[in-house]
Amino acid sequence: MWYALLVLLYAPLAVVVVYSFNSVNSSADFVGVSLRWYRALFADDTILAAAWNSAVLALVSSMLATAIGTALGYGMYAHRARRLGWLIWLIYLPIIMPDIVYGIAQLSFFSRLAAATQIFDLGLGTMIIAHVSFQAPFVALLVYSRLVGLDPRLFDACSDLYANAWQRARFFILPTLQPAIVAGFFLALTLSIDDFVISYFTSGPESVTLPIFIWSAIKRGISPEINAIATLMIGTVLAAAAITLAFQYVRHRQSGE
Amino acid sequence: MTQPSSPTVSPDTADNTPRADTAIRLRGLYQAFGADAVALAGVDLDIPAGSFFTLLGPSGCGKTSLLRVIAGLDTPDAGTLHIGARDVTRVAAHKRNVNTVFQSYALFGHLDVAGNIGFGLRMHGHDRATINDRVQKTAAFIQIDNLLGRRIDQLSGGQRQRVALARALVNEPDVLLLDEPLSALDAGLRSRLQLELLRIQRRLGMTFVFVTHDQDEAMVMSDYVAVLNEGRIEQVGTPATLYERPANPFVARFMGHANLFAIRARDATGLTTDFGRLAGEFARADHVLIRPEIMTIHAADAPEVASAGDNVIHGRVRERLYRGSRMEYTVAAGETELVVVDDNRGQGMFEIGAGVALVMETTGVVTLDG
Ligand SMILES: Nc1ncnc2c1ncn2[C@@H]1O[C@H](COP(=O)(O)OP(=O)(O)O)[C@@H](O)[C@H]1O
Ligand SMILES: [Mg+2]
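Residues numbered from 1 in each chain as written. Chains lettered and ligands numbered in written order. Predicted model: local features only at pLDDT ≥ 70, side-chain atom pairs only at ≥ 80, totals over all residues. Heavy atoms only, no water.

Labelled according to an unreviewed UniProt entry, chain B appears under the name ABC transporter, originating from Salinisphaera japonica YTM-1.

1. Structural notes on the overall build of chain B
The condition that has to hold: Note on conventions: DSSP H or I runs of at least 4 residues are helices, E runs of at least 2 residues are strands, and numbering of each starts at the N terminus. To sort residues, take the accessible area from a 1.4 Å probe on protein chains only and compare it with the maximum for the residue type: under 20% means buried, over 50% means exposed, and anything in between is partly exposed. Note on contacts: a residue pair is in contact if any heavy atoms of the two residues lie within 4.5 Å. The Shrake-Rupley method, run with a 1.4 Å probe sphere, supplies the accessible areas, and residue values consider only the shown protein chains as cover. In this tally, Lys and Arg are treated as positive and Asp and Glu as negative; His is ignored, and so are the chain termini. Where a charge lies is defined by one atom per residue type: Lys uses NZ, Arg uses CZ, Asp uses CG and Glu uses CD.
For chain B, the count of helices and strands is 10 helices and 20 strands. Along the three orthogonal principal directions, the C-alpha set of chain B runs to about 80 × 50 × 35 Å. Going through the 370 residues of chain B one by one, you find that 52% of them count as buried. Partitioning the contacts of chain B with sequence separation of at least 6, the portion at a separation of at least 24 is 64%. As displayed, chain B offers around 16,100 Å² of accessible surface, 48% of which is attributable to carbon and sulfur atoms. Averaging the coordinates of the 37 positive side-chain charges in chain B and doing the same for the 44 negative ones gives two points 7 Å apart.

2. Side note on the environment of G221(A)
All names here are of chain A. Within the secondary structure, G221 is located in the loop between helix 10 (210-218) and helix 11 (224-254). Residue classification places G221 among the partly exposed positions, given a relative accessible area of 33%. For the pair G221 and L161, spaced 60 residues apart in sequence, the C-alpha to C-alpha distance is 66 Å.

3. Some details on the packing of aromatic side chains
Residue and element names in this part refer to chain B. The following threshold applies: Centres within 6.5 Å make a pair out of two Phe, Tyr or Trp rings, where for Trp the six-membered ring is used; the pair is then stacked when the planes are under 30 degrees apart, edge-to-face when over 60, and tilted otherwise.
Here the structure, examined in full by the defined rule, presents 17 aromatic pairs over all chains. A centroid spacing of 5.7 Å and a plane angle of 45° characterise the contact between F52 and F208, whose relative ring orientation is tilted. Of this pair, F52 sits in strand 3 (residues 52-56) while F208 sits in strand 8 (residues 207-212), and the two are 156 residues apart along the sequence. Of the residues examined, F52 reaches a relative accessible area of 0% and is grouped as buried. Given a relative accessible area of 0%, F208 falls into the buried group. Seen in terms of ring centroids, F52 and F210 are 5.4 Å apart; in terms of plane orientation they differ by 50°. Their pairing is tilted. Here F52, found in strand 3, pairs with F210, found in strand 8; they are 158 residues apart in sequence, far enough to count as distant. For the pair formed by F52 and F210, the shared burial category is buried.

4. Some details on the environment of R199(B)
Mapped onto the fold, R199(B) is located in helix 6 (residues 187-204). Take R199(B): its relative accessible area is 34%, and that puts it in the partly exposed class.

5. A short note on the pattern of salt bridges
Heads up, the rule is: Salt bridge, as used here: a side-chain nitrogen of Lys or Arg that lies within 4 Å of a carboxyl oxygen of Asp or Glu.
By the definition in use, this model includes 20 salt bridges over all chains. The salt bridge involving R345(B) is made with D342(B); its shortest N-O contact spans 4.0 Å. Owing to a relative accessible area of 61%, R345(B) belongs among the exposed residues under this scheme. Salt bridges linked by common partners bring R153(A), D156(A), R68(B) and D74(B) together as one network.

6. Topic: the sheet that holds strand 14 (residues 287-289) of chain B
Residues and elements named next belong to chain B. To keep things clear, this is the line we draw: Any two strands between which DSSP finds at least two bridges are classified as paired. Structural elements are reduced to axes, namely lines fitted to C-alpha atoms, with helices fitted over the stretch in contact, and the angle between N-to-C directions of any two is expressed from 0 to 180 degrees.
Read from one edge of the open sheet, 5 strands run 13-12-11-14-20, paired in antiparallel fashion. Here the strands that pair on one side only, and so sit at the sheet edges, are strand 13 (276-279) and strand 20 (366-368). The mean angle between the axes of side-by-side strands here comes to 40°, regardless of whether they run parallel or antiparallel. Note: strand 11 (residues 260-267) against strand 14, 3 bridges, orientation antiparallel. Residue A262 lies in a different strand from strand 14, and its bridge partner there is H287.

7. Quick word on the sheet that holds strand 15 (residues 295-299) of chain B
All names here are of chain B. Spatially, 15-19-16-17-18 is the arrangement adopted by the 5 strands of the open sheet, whose pairing is antiparallel. Since the sheet does not close on itself, it has two edges, and those belong to strand 15 and strand 18 (336-343), each with one partner. Direction aside, neighbouring strands of the sheet carry axes that sit 45° apart on average. Where strand 17 (residues 326-333) and strand 18 come together, 8 bridges link them in antiparallel fashion.

8. Examining the UniProt feature "domain: ABC transporter" (unreviewed entry) in chain B
Note the following rule: UniProt positions are given in the numbering used here, feature names are shortened, and annotations may be inferred rather than shown by experiment.
Sequence positions flagged by UniProt for "domain: ABC transporter" (unreviewed entry) are, in local numbering, residues 24-255 of chain B. This span, residues 24-255 of chain B, is 36% helix and 26% strand, and a straight line between its end C-alpha atoms measures 25 Å.

9. Brief notes about the interface of chain A and chain B
Let me state the cut-off plainly: The term buried area denotes the loss of accessible surface (1.4 Å probe radius) that occurs when two parts are joined, taken as the sum for both partners. Throughout this description, a polar contact denotes any pair of N or O atoms lying within 3.5 Å of each other; where both atoms belong to protein, one of them has to be capable of donating a hydrogen while the other can accept it, and for residues adjacent in sequence the pair is counted only when both atoms sit in side chains.
Across the boundary between the two partners, chain A contributes 21 residues, which contact 27 residues of chain B. Both sides together, the interface formed by chain A and chain B hides about 2,200 Å², and carbon and sulfur atoms give 58% of it. Where chain A meets chain B, there are 1 salt bridge. The partner of D156(A) in a salt bridge is R68(B), with the nearest N and O atoms 2.8 Å apart. The interface formed by chain A and chain B contains 10 residue pairs in polar contact (both at pLDDT 80 or more). Every element with two or more residues in the side of chain A that touches chain B is listed here: helix 7 (153-160) and helix 8 (165-194) of chain A. With 7 residues, the top contributor of residues to the side of chain A that touches chain B is helix 7 of chain A.

10. Quick look at helix 3 (residues 45-78) of chain A
Threshold: Multiplying 1.5 Å by the helix residue count minus one yields the expected span of that helix.
Counted at 1.5 Å a residue, the expected span for helix 3 of chain A with its 34 residues is 50 Å, and the 49 Å between its end C-alpha atoms agrees. Where helix 3 of chain A begins, the capping side chain belongs to D44(A), and its oxygen is found 2.9 Å from the backbone nitrogen of T46(A).

11. What to know about the pairing of strand 2 (residues 38-48) of chain B
Residues and elements named next belong to chain B. For strand 2, the buried fraction is high: 8 of the 11 residues fall into the buried class. Note that strand 1 (residues 22-32) and strand 2 share 8 bridges and pair antiparallel. Each bridged residue has a counterpart across the sheet, and for Q31 the counterpart in strand 2 is L40. Hairpin connection, strand 1 to strand 2: the antiparallel pair is bridged by 5 residues, and G34 has positive phi, about 85°.

12. Here we look at the site of ligand 1
Residues and elements named next belong to chain B. Using the following cut-off: For this purpose, a residue is taken to be near a molecule or strand whenever a single non-hydrogen atom of the residue falls within 4 Å of it.
Close to ligand 1 lie F33, A39, P58, S59, G60, C61, G62, K63, T64 and S65, which account for all nearby residues. A distance of 3.2 Å is found between an oxygen atom of ligand 1 and a backbone nitrogen or oxygen belonging to C61. At a separation of 3.1 Å, an oxygen atom of ligand 1 approaches a polar backbone atom of G62. Expressed as a share of its isolated accessible area of 560 Å², the protein-covered part of ligand 1 is 57%.

13. Examining the pairing of strand 1 of chain B
All names here are of chain B. Of all 11 residues making up strand 1, 8 are buried, and the element is well covered by its neighbours. Summarising the sheet, strand 1 and strand 4 (residues 78-83) pair through 5 bridges and their orientation is antiparallel. Counted as the bridge partner of I24 is I83 from strand 4.

14. Comments concerning unusual backbone geometry
Glycine aside, a negative phi is what most residues show, and trans is what most peptide bonds show. Residue and element names in this part refer to chain B. Backbone geometry at A106 places phi at a positive 50°, although glycine is not the residue there. Position of A106 relative to the elements: it lies in the loop between strand 6 (98-101) and helix 2 (113-117). Positive phi is not limited to glycine here, since Q143 has a value of about 65°. Assignment of secondary structure puts Q143 in the loop between helix 4 (128-141) and helix 5 (157-169).

In structure tokens, the structure reads:
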């Protein structure tokens, strides 16, 4: 039963990976192992530009989203018992909103802004803003749930042990949140690499990313090159997840003895 | 017949200059969390320097709130607080030379034991060598020097308690605040740590403000005890004063006294209460308290009873508990019941239903108001 589910989940991924190493241009016959599609990939300037755009978008948006989301998560925690506490529920809105609705909203927002100010032309800049706006809530929730799981007396203990507000942030809050912040960064990274819908609506002619490139290429039929790109993306996402886990494991061991 | 408590601990609202031997002076402290949650309802208290001072009271009476105000973690709605000669009512917690052992210990999970103990020194800006040296010395003093490299989640409850204590003591505060530090521990460990905590306080001569809801613990450990009830101080005094001369029925009941009776009538030769008459001269009061230890129990026809004079209560054994070193009887007399203890000298126990006589020393009888 569980194995059937696993097959269902992973078989399509396995097919993509296997056929990316196929030596002939066929999605039916697997003739021999070769790296020719990967070579083709790295010789194609359009693909390389798309990969570069994807990487810049993912890294910049994830870093911004981590910083903003951490501040947001702490703010939610600090205000949870106050009069404006209900506002924290707004954070869920971008998470539950269907991507297509969110993407269209962003598109119309940025179009109007561009018309009014002349500086928000659709492109990598608007994509980064759009990505940050859906990544930051996830980071904020990770940080927030770490904070509510803490004994509130720990904050008192800092003050009791002579820490001022800055020292408390530097020597207690940040180190305590570190696993959540790292996890949030890599989650934001995977979310960004994953995203097609919102990217599609907020991208400009110069800012084609890998998912957008694949989507337009696929209209001309699935090529083994697409399999190779997909395989590399699977690898990247797995690596991000592995780094997150490894980082937490090392941290765990370091503070051991 | 209530006695004023020791002059060093009785609040004197008129006197506004803190005495040199007063570590903490509280005047009119008031703290409310919303209209119907009054945590502190006007607390006046002088805590003598170098004493083991206990705040005793039932859960929710305001003990933690009082400690938090002293630590500076909460600002009182009204009232003043001096630590030594300094008015610290509006001074931030991190600028007060006071440290707390929290009820939950509140140890930092991202630091090891040494990092936890050295945290306060690090915030104070001491250099690494000084921090290491003082952490090492304090850890040795508390006997946890073998744990310095451990992570917090590798420690037992008793070890955490010691780390929390070391983390506070290493800063050599003017006052150490301890919020029910032993209540999470099992009975054996608890009584060992009680003695150890007392020994540490004696050796350092530091002022300890200790919170507990356990009257036995308060009695064993304290120089002075303040009994709190609903945000107010009911009585301050030595354990002996509180036990032998409780100021009111609340304190009497909280100290574990069972034989507390309303006085119905009083005249020159004695008073009348639920179990009958008690001869002697008594002050005007609402209640009379008879501690089990001031009574002896005899068979109704025993010779001691005949020669005992006036103050004999006749009754019947209703319940008996064998406690090893002593026997505890509940005796029905008049319209009520009294609890009396009898040392176990091998004399055997009275049967349930047996007629008995209780002979008492009236000098030990206490009358109280309220
Ligand atoms: N932060 C708070 N918000 C609302 N009520 C509180 C708060 N802190 C304490 N109280 C109330 O104040 C009273 C005293 O609490 P506390 O000082 O914790 O008592 P204790 O430590 O003696 O058990 C209780 O009735 C409690 O419910
Ligand atoms: Mg408490």
